[in-house]
Amino acid sequence: MGATQSLAHKLIVQTVGPKHSRLRPRSDVAKALGRALPYYTKEFGCPDGKGPVYYEMGAIFEDTGLFREVLSTFIARYQGLGNEGPTHIVALEARGFILGSCLALALELPFVIIRKAAKLPGVTVGHADNYIRAGAIRKGHRVLIVDDLIATGWTAISAIELVTSGGAKVFEVAAIADISAMQGVQNVHEFKDGAFKDVPFFTLIQTSSTSDLLCCNPKKGRTARNRTIEQVKAGNYKFLNVSSLVGKPEAIPVYDGNNVVLHQEDRTAILGENLPKRF
Ligand SMILES: O=P(O)(O)OC[C@H]1O[C@H](OP(=O)(O)OP(=O)(O)O)[C@H](O)[C@@H]1O
Ligand SMILES: Nc1ncnc2[nH]cnc12
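These numbers come from a predicted model, not from an experiment.

K.L.:
An account of the environment of Phe 201 is needed here, citing residue identities and associated values.
P.N.:
Tracing the chain through its elements places Phe 201 in strand S11 (residues 201-206). Overall, the relative accessible area of 1% leaves Phe 201 in the buried class. When sequence neighbours within four positions are dropped, the list of residues in contact with Phe 201 reads Lys 19, His 20, Ser 21, Ile 150, Ala 156, Glu 172, Val 173, Val 185, Val 188 and His 189.

Laid out in structure tokens, this is it:
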């Protein structure tokens, strides 16, 4: 990285593997993220088998202070690098857009979107399910790829393919978290006999550093806000919305005003209601 990256930023970053840096787990931002990233077990939260655990990034974006900290960390890493720094930010639909667009504006870099199939009009270049506007990224560009999460690494591979197929160079892949158990960064580096082994990754935390208290699995009786089902039952309880994350009609989780997720069976038991299976 360039010489102008601040000393303060360098001090909170460590190398955790070949071409992979993370925040030091004891840094303030890493600790705050470790306390804030809720997750659902496969049984309750991963509709299409993404897992073993589903990490719910929305909670980070809902926390203004934490969102700002996350953004500032990325800004500190990539600002002021001049001719050595990134020239473009490419982000992935959908959650990659949130961080990517904020960062692009802060760094005053062009923001290029990769969309899922059948979303982009005109001439596009595709890889797997991901498409980019043809010509948006070209030879000579140094591209910072931004997403919220690295799981298997497949989406990152797809983005790298799209960026490099246009002749551009990947400056780095940045994400809030990597799911340690899924070895996504390693998968990218080993892909196609190491074709992308030199692509650097920067992730703020690995998911194994999140707290057990953040498990939203209602069977554990705990919630993201650390309330038990009994506390909810006793409280002033109101439905706000229904999420269909799980996809099984008999297991629709419910999100209420207290940030509690319940199953249909729990909901019926608590409220004594025969609610429709989908609404
Ligand atoms: O490393 P991988 O195994 O490829 O998984 C990571 C990707 O999965 C998620 O996106 P998803 O496809 O769920 O789309 P979304 O952001 O629209 O929910 C996440 O935002 C990453 O893009
Ligand atoms: N386990 C997971 N949690 C959240 N988003 C994901 N995208 C792919 N796998 C995911």
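K.L.:
Please give an account of helix H8 (residues 184-194) that cites residues and values.
P.N.:
Because an α-helix completes one turn every 3.6 residues, residues spaced three or four positions apart along the sequence face the same direction. What H8 keeps buried is the set Gly 184, Val 185, Val 188, His 189 and Gly 194. Burial along H8 is one-sided: seen end-on, the buried residues are contained in an arc of 160°. Residues of H8 that are exposed and angled more than 90 degrees away from the buried face: Glu 190 and Asp 193. Residues of H8 that are buried make contact with strand S2 (20-23), strand S9 (142-150), helix H7 (154-165) and S11.

K.L.:
Explain the pattern of salt bridges residue by residue, including any values.
P.N.:
Inspection of the entire model under this criterion finds six salt bridges. When the shortest N-O distance is used, the salt bridge between Arg 22 and Asp 178 registers 2.9 Å. You can see Arg 22 sitting in strand S2 and its partner Asp 178 sitting in strand S10 (residues 169-178), a full 156 residues away along the chain. With a relative accessible area of 11%, Arg 22 lands in the buried category. Using a relative accessible area of 6% as the deciding quantity, one classes Asp 178 as buried. As a salt-bridge pair, Glu 161 and Lys 192 come within 2.9 Å of each other at their nearest N and O atoms. With Glu 161 in helix H7 and Lys 192 in helix H8, this pair connects stretches of sequence that are 31 residues apart. Relative accessible area serves as the criterion here: at 16%, Glu 161 is assigned to the buried category.

K.L.:
Which residues make up the packing of H7 against H8, and what values do they have?
P.N.:
What describes two packed helices is the angle between their axes and the distance between those same axes. H8 packs onto H7 with a crossing angle of 55° between their chain directions and a minimal axis gap of 9 Å. With respect to H8, the element H7 is oriented oblique. H7 and H8 meet at a crossing whose hand is right-handed. Side by side, H7 and H8 meet where Trp 154, Ala 156, Ile 157, Ile 160 and Glu 161 of the first sit next to Asn 187, Val 188, Phe 191 and Lys 192 of the second. The class makeup of the residues in the contact of H7 with H8 is six nonpolar, one polar and two charged.

K.L.:
Talk me through helix H5 (residues 64-78); I want residue IDs and the actual numbers.
P.N.:
In this model, H5 (15 residues) spans 21 Å end to end at C-alpha, consistent with the 21 Å of a helix rising 1.5 Å per residue. Taken together, the buried positions of H5 are Leu 66, Phe 67, Val 70, Leu 71, Thr 73, Phe 74, Ile 75, Arg 77 and Tyr 78. Backbone geometry just after H5 places Gly 80 at a positive phi near 70°.

K.L.:
Quick one: what's the story with unusual backbone geometry, residue by residue and with numbers?
P.N.:
For the peptide bond that leads from Glu 93 to Ala 94, omega is -5°, which places it in the cis range. Inspection of the secondary structure assignment puts Ala 94 in the loop between strand S5 (88-92) and helix H6 (95-107). Although it is not a glycine, Lys 19 adopts a positive phi angle of roughly 55°. By the element assignment, Lys 19 lies in the loop between strand S1 (13-17) and S2. The backbone of Lys 192 sits at a positive phi, close to 45°, despite the residue not being glycine. On the accessibility criterion, Lys 192 (49% relative accessible area) is partly exposed.

K.L.:
Before we move on, can you summarise the packing of H5 against H6 with the specific residues and values?
P.N.:
Contact geometry of H5 with H6 gives a least axis separation of 10 Å together with a crossing angle of 50°. In terms of orientation, H5 lies oblique with respect to H6. Between H5 and H6 lies a crossing whose hand is right-handed. On H6, the residues touching Phe 67, Val 70, Leu 71, Phe 74, Ile 75 and Tyr 78 of H5 are Ile 98, Leu 99, Cys 102, Leu 103, Ala 106 and Leu 107. Residue composition of the contact of H5 with H6, grouped by class: 12 nonpolar, no polar and no charged.

K.L.:
Which residues make up the pairing of strand S8 (residues 130-133), and what values do they have?
P.N.:
Burial along S8 is one-sided: Asn 130 and Ile 132 are buried, while Tyr 131 and Arg 133, pointing the other way, are not. Note: strand S6 (residues 111-116) against S8, three bridges, orientation antiparallel. Its bridge partner lying in S8, Arg 115 is registered against Tyr 131. Between strand S7 (residues 124-127) and S8, which pair antiparallel in sequence order, lie two residues; one of them, Ala 128, sits at a positive phi of approximately 50°.

Parameters and conventions
Residues numbered from 1 in each chain as written. Chains lettered and ligands numbered in written order. Predicted model: local features only at pLDDT ≥ 70, side-chain atom pairs only at ≥ 80, totals over all residues. Heavy atoms only, no water. Helix = DSSP H or I, 4+ residues; strand = E, 2+ residues; numbered from the N terminus. Buried < 20%, exposed > 50% of the residue type's maximum accessible area, 1.4 Å probe, protein only. Contact = heavy atoms within 4.5 Å. Arc of directions from axis to C-beta. Salt bridge = Lys/Arg side-chain N within 4 Å of Asp/Glu carboxyl O. Axes fitted to C-alpha atoms, helices over the stretch in contact; angles between N-to-C directions. Parallel < 35°, antiparallel > 145°, perpendicular 65-115°, else oblique. Left-handed = near helix turned anticlockwise from the far one by under 90°. Nonpolar A, V, L, I, M, F, W, Y, C, P; charged D, E, K, R; others polar. Expected span 1.5 Å × (residues − 1). Pairing = 2+ DSSP bridges.

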